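Each chain is listed here by its residues.
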Amino acid sequence: MAKGFFNVPVAVNEPIKSYAPGTPEREAVLSAYRKLWNTHTEVPLYINGKAVTTGDTQEIRPPHDHQKVVGTYHRAGKKEVQKAIASALEARKKWSQMRWEQRAGIFLKAAELVAGPYRNRINAATMINQSKTIFQAEIDSACELVDFLRFNVEYMTEIYAEQPESTSDAWNRLEYRPLEGFVYCISPFNFTAIAGNLPASAALMGNVCVWKPSDHQMLSAQVIAEVFEEAGVPPGVINMVNADPVMMTDEVMTHPDFAGVHFTGSTTVFKGLWSKIGENINTYKTYPRIVGETGGKDFIVAHNTAVPAQVATAIVRGAFEFQGQKCSAASRAYIPKSLWPEIEELIRRDVESFKMGSPEDMSNFITAVIHEGSFDKLAKYIDQAKKDKATEVIIGGNYDKSKGWFVDPTVIVTTDPHYTTMETELFGPVITVYVYEDDKYSEMLELVDNTSEYALTGAILGQDRYAVEEATMALQNCAGNFYINDKCTGAVVGQQPFGGARASGTNDKAGSKLNLLRWVSPRMIKETFVPPTDYRYPFMG
Ligand code: NAD
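These numbers come from a predicted model, not from an experiment.

Undergrad: Please clarify how the nonpolar core should be interpreted in this entry.
TA: For soluble globular proteins, the rule of thumb is that nonpolar side chains tend to be buried together. Membership of the largest hydrophobic core comes to 107 residues, with the highest contact counts inside it found for V81, F107, V252, M253, F258 and V261. For this core, the element with the most residues is helix α5 (residues 134–161), which contributes twelve residues.

Right, here's the structure in full:
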């Protein structure tokens, strides 16, 4: 029972460290990188607070040096998946009843552990396993994860404070109960912060979780699991289980206590999960919550009043940082003919200045794409674009998998606005540009809206406010996060809640109250002080 209306610390965004030459943080993270690189890390499952090994292992290889093995991770069979579910349900008995300030204390502590003692290790693990440069690792695995943990605590208290009106004779109270059952969290490879947030956000609201990280993020997933444990998440509340995804999902989604899925990943997988829930709907005790943030085909639109250097920079950063593997990465651009020659030149100049290689060499801006499947897919699309009549590969177009999965930042120009790389999510450092006639601005906006099944992020650059207004209105349904005079990536927790619509997801806005609301099932309590003792109303005379 709470004995006070407690205030939580005001959430602030974790400052981004620079890692410039000569700074102490640079030396510290490089030392953590080398230590992890030269150690063979074994990543177990974490079930009911215990490390579980199964002997069914896979190797962990850095994408930028695929012959190097830095560790192994264990995979679960059906038995371990069932054990994780049973542990979660057992843990629920106490966790779901625990006072909110205890849960807040745990996750605020987790934030400070990531910001402090675990920062170098989680960044180094993300650099090695997901091939992020130090800057990309810092803004993800350190800062964004910390922000999720801090801001969600504040949002939780805002939700609890939202109460209905009462009268002098009846007191109305809204109780934000956790879901009745367990939540299945499935995370992608590309953001360590998302991997931590999917289970943490649900658990913060009093839920218990079975969390399946991506095969390609296991080094940093282990750090998250250790942080949760040190922060005081009780055994069974968050169980980290890697397994064959189809087998695991079959086990989870045929369980009567399955209460929700918190997913981030590709659209195809999410649609498959939704279908499976539909097939099993008569099995469940409650209607499961379905929350999924999925793919994108994110756009940059320039009006002919845009500043060319601003457009070029938005494209270069938006499309190529982290090798274009952000769900928000720009992958199609619409540029007016009058500006294209100058913008093209600026992009070319920037791309030619890029260095590509291991993230350990901090002068590199580009590293490798995540795995061979991604490399092969990108190579196939690039090769096809070299052959097709409607397209020209004007920048990049080379790839080399001898040491790592390296794909050159590539710009394709097309005369066909529906060319496949204008519509399909490639998830790599490839952007396709459609050059439009300056006087066809309105038609071009219609094209942007109708071209892709996705609606995640998009940007308009231009100085003419009428043109900006027109784009803002015309593109209102094709991006959940819309940027004016900026690139279409880089959402910050607490500032730009993130998520898309259409085939990009359920738009439940990670890092906001809207998301946390999905993990509660409110109970309304009305208490009447002096109940009536006669059924008759005055109008009856
Ligand atoms: P993915 O869909 O391949 O994998 C995501 C997770 O789903 C992984 O844990 C994977 O093991 C699991 N999975 C795969 N097949 C499954 C199945 N049949 N059943 C259950 N789980 C299954 O995605 P990825 O390559 O890890 O990540 C990239 C994708 O994620 C891109 O499409 C990107 O746009 C999207 N993404 C979206 C957002 C967003 O906020 N909208 C954020 C990050 C990534």
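Don't stop here, the text continues.
Undergrad: Please clarify how the packing of helix α10 (residues 308–320) against helix α11 (residues 340–353) should be interpreted in this entry.
TA: Helix packing for two helices is described by the angle between their axes and how far apart those axes are. The geometry of α10 relative to α11 is characterised by a closest axis approach of 9 Å and an angle of 45° between their N-to-C directions. Taken together, the axes of α10 and α11 are oblique relative to one another. The handedness of the crossing between α10 and α11 is right-handed. Contact residues: P308, A309, V311, A312, I315, V316 and F320 in α10; E342, I343, L346, I347, D350 and V351 in α11. Residue composition of the contact of α10 with α11, by class: eleven nonpolar, no polar and two charged.

Undergrad: What is the right way to look at the side chain of T249 in this model?
TA: Topologically, T249 is positioned in helix α8 (residues 245–253). The residues touching T249, leaving out its near neighbours within four places in the chain, are Y184, L273 and K276.

Undergrad: Sorry, what's going on with the pairing of strand β17 (residues 410–414) here?
TA: Strand residues, when the strand is regular, have side chains that alternate between the two faces of the sheet. Most of β17 sits out of view: five of its five residues are buried. Note that strand β14 (residues 391–395) and β17 share four bridges and pair antiparallel. If you follow I395 over to β17, its bridge partner there is V411. Note that β17 and strand β18 (residues 430–436) share five bridges and pair parallel. Residue V413 lies in a different strand from β18, and its bridge partner there is V433.

Undergrad: I tried to follow the packing of aromatic side chains on my own but got confused; where do I start?
TA: Tallied over the entire structure, the rule returns 18 aromatic pairs. Seen in terms of ring centroids, F182 and F258 are 6.3 Å apart; in terms of plane orientation they differ by 65°. Their pairing is edge-to-face. Of this pair, F182 sits in strand β7 (residues 182–186) while F258 sits in strand β10 (residues 258–264), and the two are 76 residues apart along the sequence. The residues F182 and F258 share a single accessibility class, namely buried. Above the plane of the ring of F191 lies K132, whose end atom (NZ or CZ) is 3.9 Å from the centre.

Undergrad: Help me understand a nonpolar patch on the surface, please; the structure alone is not making it clear to me.
TA: On the surface, Y535, Y537, F539 and M540 cluster together into a nonpolar patch covering about 580 Å² of accessible area. Tracing the backbone through its elements, the reader meets M540 in the segment after β23 (520–528).

Undergrad: Even after reading the chapter, I still don't get the sheet that holds strand β12 (residues 298–302), so can you show me in this structure?
TA: Sheet strands pair by backbone hydrogen bonding; their relative direction is either parallel or antiparallel. Across the sheet, seven strands lie side by side as β14-β17-β18-β13-β12-β20-β21; this open sheet has mixed pairing. The open sheet has two edge strands with one neighbour each: β14 and β21 (481–484). If you compare each strand with its neighbour and ignore which way they point, the axes differ by 20° on average. Where strand β13 (residues 330–336) and β18 come together, five bridges link them in parallel fashion.

Undergrad: Would you mind going over the domain arrangement of the chain with me for this structure?
TA: When the parts of a complex come together, some accessible area is lost, and that lost area is often taken as the interface size. Splitting the chain by domain gives domain 1 (25–294 + 505–522) and domain 2 (298–484). Look at where the C-alpha atoms of domain 1 and domain 2 centre, and you get two points 31 Å apart. Counting from both sides, the interface comprises 26 residues of domain 1 and, opposite them, 29 residues of domain 2. Summing the contributions of domain 1 and of domain 2, the shared interface buries around 2,400 Å²; its carbon and sulfur component is 63%. When the buried surface of domain 1 facing domain 2 is broken down by residue, H64, H66 and F189 rank first, second and third, together holding 23% of it. Residue K271 pairs with E453 through a salt bridge whose shortest N-O separation is 3.9 Å. Where domain 1 packs against domain 2, one counts eleven residue pairs in polar contact (both at pLDDT 80 or more). Elements that contribute at least two residues to the side of domain 1 that touches domain 2 include exactly α1 (24–37), α4 (119–130), α5 and α9 (267–279). Among the elements that take part in the side of domain 1 that touches domain 2, α1 stands out by supplying five residues, more than any other.

Undergrad: Is there a simple way to think about the site of the ligand in this case?
TA: Taken together, 27 residues surround the ligand, and among them S187, K212, S266, T294 and E425 come closest. Contact between the ligand and S187: an oxygen atom at 2.7 Å from a main-chain N or O atom of the residue. Taking G265, its main chain carries an N or O atom lying 3.3 Å from an oxygen atom of the ligand. In isolation the ligand has 850 Å² of accessible area, and contact with the protein removes 85% of it. When contributions to the shell around the ligand are tallied by element, the ones reaching two or more residues are α8, β10 and α9. Residues that form the shell around the ligand fall into these classes: 14 nonpolar, ten polar and three charged. When residues of the shell around the ligand are assigned to domains, at least three fall in each of domain 1 (25–294 + 505–522) and domain 2 (298–484).

What counts, and at which threshold
- Residues numbered from 1 in each chain as written.
- Predicted model: local features only at pLDDT ≥ 70, side-chain atom pairs only at ≥ 80, totals over all residues.
- Heavy atoms only, no water.
- Core = buried A, V, L, I, M, F, W, Y, C linked by side-chain atoms within 4.5 Å.
- Buried < 20%, exposed > 50% of the residue type's maximum accessible area, 1.4 Å probe, protein only.
- Helix = DSSP H or I, 4+ residues; strand = E, 2+ residues; numbered from the N terminus.
- Axes fitted to C-alpha atoms, helices over the stretch in contact; angles between N-to-C directions.
- Parallel < 35°, antiparallel > 145°, perpendicular 65-115°, else oblique.
- Left-handed = near helix turned anticlockwise from the far one by under 90°.
- Contact = heavy atoms within 4.5 Å.
- Nonpolar A, V, L, I, M, F, W, Y, C, P; charged D, E, K, R; others polar.
- Pairing = 2+ DSSP bridges.
- Phe/Tyr/Trp six-rings, centres within 6.5 Å; stacked < 30°, edge-to-face > 60°.
- Lys NZ or Arg CZ within 6 Å of the ring centre and 35° of its normal.
- Patch = residues over 30% accessible without salt bridge, like charges linked within 9 Å, V, L, I, M, F, W, Y side chains within 5 Å.
- Areas by Shrake-Rupley, 256 points an atom, 1.4 Å probe, with all protein chains shown as cover.
- Salt bridge = Lys/Arg side-chain N within 4 Å of Asp/Glu carboxyl O.
- Domains from an automatic or database assignment.
- Buried area = accessible area lost by both parts, 1.4 Å probe.
- Polar contact = N/O pair within 3.5 Å; in protein donor to acceptor, adjacent residues only side chain to side chain.
- Near = heavy atom within 4 Å.

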